[in-house]
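Inside the fold
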Amino acid sequence: MEFNVSTFILEIINFLILIWILQRLFYKPLLETIAKRKQFIDQSLADAKIMQQQAEEQRSHYENRQKLWEQEKQAALTALHQQIEVERRAQMARLNVDLEQERQKINVTIQRQQRELQQQAEKQALLNGARFAGMLLKQSASPELEARLFAILLDNLKTLPEACTLCLQMLGTKKSVPIKITSAYPLTAELRLQLEQKLGLLINSPINFQYHQDAELIAGLRMDIGAWVLNANLQHELMGFAEIADGSE
Amino acid sequence: MDHEFSFTLGPVIIGESLLTTWGIMGVITLIAWLSTRHLELLPSPMQTTVEGIVSAIDEAIRAVAPEHGRQIMPFIATLWLFLIIANLVGLIPGLDSPTRDLSVTSALAVLVFFSVHWFGVKTLGLKSYLHHYLTPSPILLPFHIISEFTRTLALAIRLFGNMMSLEMAAMLILLVAGFLAPIPILMLHIIEALVQAYIFGMLALIYLAGAMQSQQLNSQESL
C-alpha cells in the first residue's frame, strides 16, 4: 500500500523502455510485414483485376470475332445455298430437256417399232392372204377358169390404153415380131386362132407365135411381146399381194 | 504483503513489484524477439498468432482514433500487453501482480496523463490544445483541470484497488474455504485481470483520442 517514489520513477522508465523495445522489436516489424502482405495482396488483386480485364477484353474480342465468323459463315452458307439452288435449277432444266429429248426419241422409236410391227403384220397378212388365195385358186383352177381369163384378156385387148396401142404398133416396124404365149393349160386351136387374130389387128407386122405351158401360172395366160409382158393369169395376180407387201415396207 | 522482498541500490529501493516488472518486461521482450525473428509473407502459426493480436489491438485503437491510431498504437498496445501479463502474474504461486502496487499503477496513470498532453500538443499544437480547455465555455476551465487530475488518480486507484482487493479476497477465501474455492477464484482472477487491463487501456485510449481530436471536433461543429 505504500507509495514508493523510486519504484514509481523506475516503473515510468521501465514502461518507456518497454514501449521502445516493443516498438523496435514487435510492432514495427509486424506492422511492416502486415503492410507488405497487404500490399502484396493488393498487388495480386490488382494484377488479377488487370488479368481479368485482359481476359474480359480477350473474351470480348474473341466473341466479336466469333460473331464475325458466324456472320461470314452464314453469308457463305447463304451464297452456297443460292449457288446450289441455281445449279440445281440449271441441272433440272438440262435434265428436263434431256428427258424430253429422250422421251421424244422413245416415242419415235415406239412409233417406228409400232409401224414396223404394223407393216410386218400387214405384210404377213398379205402373204398369208396370197398363200391362202393361191392355195384356194390352185384348188379351184381349171381349164374353164382359164377360158374365162382368156375371154377377159381378149376384152382387155379391145380396150387397151392408147399408149399401149402405140407401143404395139411400133413393134410392127420390125420384120417379125416374136410373141411368147405361156398358159397353164394347153390352148385349144380355136383359142389360139382367136388370139392370133386379135393380136394381128393390133400389130401390123408378121407375128411369130410360140406357145408354152407353165403350171405355175395356175390359170390364164402370159404374153411376152418383146419387152412388153401382158399377164392375164392368177399367178401374176397373186404376186400382186407380195408386191403390195414389199411396197408397204 | 508483509513479506515483500526488496533490496536497496544506494538511494534506490528495488522492491518485488519492480523485479516482477523487469521479469515481465523480459518475458515480453523475449516473446517479441522470438515471434519476429523470421517474419514471412506466408506466416507460421506463431506469426499468425502475434499478427492477430497486434491487428486486433490496432483495429480497436483505429475504431476509437481513426486518424491517429498508428501514432498512439505503441503506447496503448504496450499498456494492454503489459497490464494483461502483469495482472495475470498473480496466478503464479509465489508471485504477486505488480499492479497491486500503487506505485506501479500511479506510474502508469501518470504516463497516461503526460501522454495525453504530449500527443494532444503534438497533434493540435500548444495553442489549439490549450484552447480546448476553454470550450465550450471558459467557465469550465477549472472543471477541466480538476478532471485531468481526478481521472488520472481514478485510473491509478481503480486498477490498484481492484487488483489489491481481488488478491486479498482470494487469499481470505482460500484461508476460509480450503481446497474447493481456488478454481472459481482463479477464474474470477483471470476475468478480473483481463477486464481491468482492458478498462485501463481503453480509458487511456479514450483520453488520448479525446485530447487529439477534441479541437478537430470543435472546429467541425463550428463549421
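Each value, and the rule that gives it
- Residues numbered from 1 in each chain as written.
- Chains lettered and ligands numbered in written order.
- Predicted model: local features only at pLDDT ≥ 70, side-chain atom pairs only at ≥ 80, totals over all residues.
- Heavy atoms only, no water.
- Helix = DSSP H or I, 4+ residues; strand = E, 2+ residues; numbered from the N terminus.
- Buried < 20%, exposed > 50% of the residue type's maximum accessible area, 1.4 Å probe, protein only.
- Contact = heavy atoms within 4.5 Å.
- Areas by Shrake-Rupley, 256 points an atom, 1.4 Å probe, with all protein chains shown as cover.
- Buried area = accessible area lost by both parts, 1.4 Å probe.
- Salt bridge = Lys/Arg side-chain N within 4 Å of Asp/Glu carboxyl O.
- Core = buried A, V, L, I, M, F, W, Y, C linked by side-chain atoms within 4.5 Å.
- Expected span 1.5 Å × (residues − 1).
- Axes fitted to C-alpha atoms, helices over the stretch in contact; angles between N-to-C directions.
- Parallel < 35°, antiparallel > 145°, perpendicular 65-115°, else oblique.
- Nonpolar A, V, L, I, M, F, W, Y, C, P; charged D, E, K, R; others polar.
- Phe/Tyr/Trp six-rings, centres within 6.5 Å; stacked < 30°, edge-to-face > 60°.
- Lys NZ or Arg CZ within 6 Å of the ring centre and 35° of its normal.
- pLDDT = per-residue confidence, 0-100.
- Left-handed = near helix turned anticlockwise from the far one by under 90°.
- Pairing = 2+ DSSP bridges.

Observations regarding the overall build of chain B
Along chain B, the regular secondary structure elements total seven helices and two strands. The order of helices and strands in chain B, counted from the N terminus, is β-β-α-α-α-α-α-α-α. When the 223 residues of chain B are sorted by exposure, 44% land in the buried category. In chain B, once contacts between residues fewer than 6 apart in sequence are set aside, the share between residues at least 24 apart is 70%. Roughly 11,700 Å² of accessible area belongs to chain B as shown, and the carbon and sulfur atoms make up 74% of that amount.

What about the overall build of chain A?
Helix and strand counts for chain A come out as five helices and four strands. Of the regular secondary structure in chain A, the N- to C-terminal order runs α-α-α-β-α-β-β-β-α. By the burial criterion, 25% of the 249 residues in chain A qualify as buried. For chain A, long-range pairs separated by at least 24 residues make up 78% of all intrachain contacts whose partners lie at least 6 apart in sequence. A total of about 17,300 Å² of accessible surface is found on chain A, and carbon and sulfur atoms cover 58% of it.

Overview of the interface of chain A and chain B
Listed per partner, the contact involves 30 residues of chain A and 43 residues of chain B. With both sides pooled, the region where chain A packs onto chain B buries about 3,300 Å², and carbon together with sulfur makes up 78% of that total. Counting every contact that joins chain A to chain B gives one salt bridge. For B:E51, the salt bridge identified is with A:R37, shortest N-O distance 2.6 Å.

Description of the nonpolar core
A:F26, B:F75, B:L79 and B:V112 are the most contacted members of the largest nonpolar core, which has 58 residues in total. Among residues more than four places away in sequence, those in contact with A:F26 are A:I21, B:A32, B:S35, B:T36, B:V50, B:V54 and B:L81.

Structural notes on helix α6 (residues 141–177) of chain B
If you check α6(B), its first and last C-alpha atoms are 52 Å apart, about what 37 residues at 1.5 Å a residue would give, namely 54 Å. Within the sequence span of α6(B), burial applies to B:E148, B:R151, B:T152, B:L155, B:A156, B:L159, B:F160, B:M163, B:M164, B:L166, B:E167 and B:A170.

A closer look at the environment of A:I207
With respect to the helices and strands, A:I207 occurs in strand β2 (residues 207–213). Sequence separation of A:I207 and A:V177 is 30 residues, and the distance between their C-alpha atoms is 4.7 Å.

So, the packing of helix α3 (residues 69–88) of chain B against helix α4 (residues 102–124) of chain B
All names here are of chain B. Packing of α3 against α4 brings their axes to within 11 Å, and their N-to-C directions diverge by 170°. Judged by the angle between their axes, α3 and α4 are roughly antiparallel. Seen from α3, the contacting residues are Q71, I72, F75, L79, F82 and L83; seen from α4, they are L108, L111, V112, S115, F119, K122 and T123. Counted by class, the contact of α3 with α4 contains nine nonpolar, three polar and one charged residues.

Observations regarding the pattern of salt bridges
All names here are of chain A. Counting across every chain of the model gives 16 salt bridges over all chains. Measuring nitrogen to oxygen at the nearest pair gives 3.8 Å for the salt bridge that ties E87 to R94. Relative accessible area serves as the criterion here: at 40%, E87 is assigned to the partly exposed category. Residues joined in a network through salt bridges with shared partners are E56, R59 and E63.

What to know about the packing of aromatic side chains
A complete count under the given rule lists nine aromatic pairs over all chains for this structure. Geometrically, the ring pair formed by A:F209 and A:Y211 is stacked, given 6.3 Å between the ring centres and 20° between the ring planes. Ring-pair connections join several aromatic residues into one group, and the members of that group are A:F15, B:F75 and B:F82. Over the face of the ring belonging to A:Y211 we find A:R192, whose NZ or CZ atom lies 4.2 Å from the ring centre.

Quick look at the confidence of the model for chain B
Per-residue pLDDT for chain B has a mean of 86; in total, 92% of the residues score no lower than 70. In the model output, the complex is listed with pTM 0.60 alongside ipTM 0.90.

Notes on the packing of helix α1 (residues 5–140) of chain A against α4(B)
Two elements in contact, α1(A) and α4(B), have axes separated by 8 Å at closest approach and are oriented at 55°. On the basis of the axis angle, α1(A) is oblique to α4(B). Here α1(A) and α4(B) pass one another in a crossing that is right-handed. Here A:T7, A:F8, A:E11, A:I12, A:F15 and A:L16 of α1(A) come into contact with α4(B), specifically with B:S103, B:V104, B:S106, B:A107, B:L108, B:V110 and B:L111. Of the residues in the contact of α1(A) with α4(B), the class split is nine nonpolar, three polar and one charged.

What to know about unusual backbone geometry
Residues and elements named next belong to chain A. Phi is positive for I218, close to 70°, though the residue is something other than glycine. Locating I218 in the fold gives a position in the loop between β2 and β3 (220–225). The class for I218 is buried, based on a relative accessible area of 8%.

A look at the sheet that holds β2(A)
All names here are of chain A. Overall, mixed pairing links the four strands, which are arranged β2-β1-β3-β4 in an open sheet. In this open sheet, the two strands that pair with only one neighbour each are β2 and β4 (228–233). With direction set aside, neighbouring strand axes in the sheet form an average angle of 15°. Sheet topology note: the β3/β4 ladder contains six bridges and is antiparallel. The residue of β4 that forms the bridge with M223 is L230. Together, β1 (177–183), β3 and β4 form the strand contacts of helix α2 (residues 143–158), whose direction differs from that of β3 by roughly 40°. Contacts from helix α4 (residues 189–202) reach β1, β2 and β3 within the one sheet, and its direction differs from that of β2 by about 140°.

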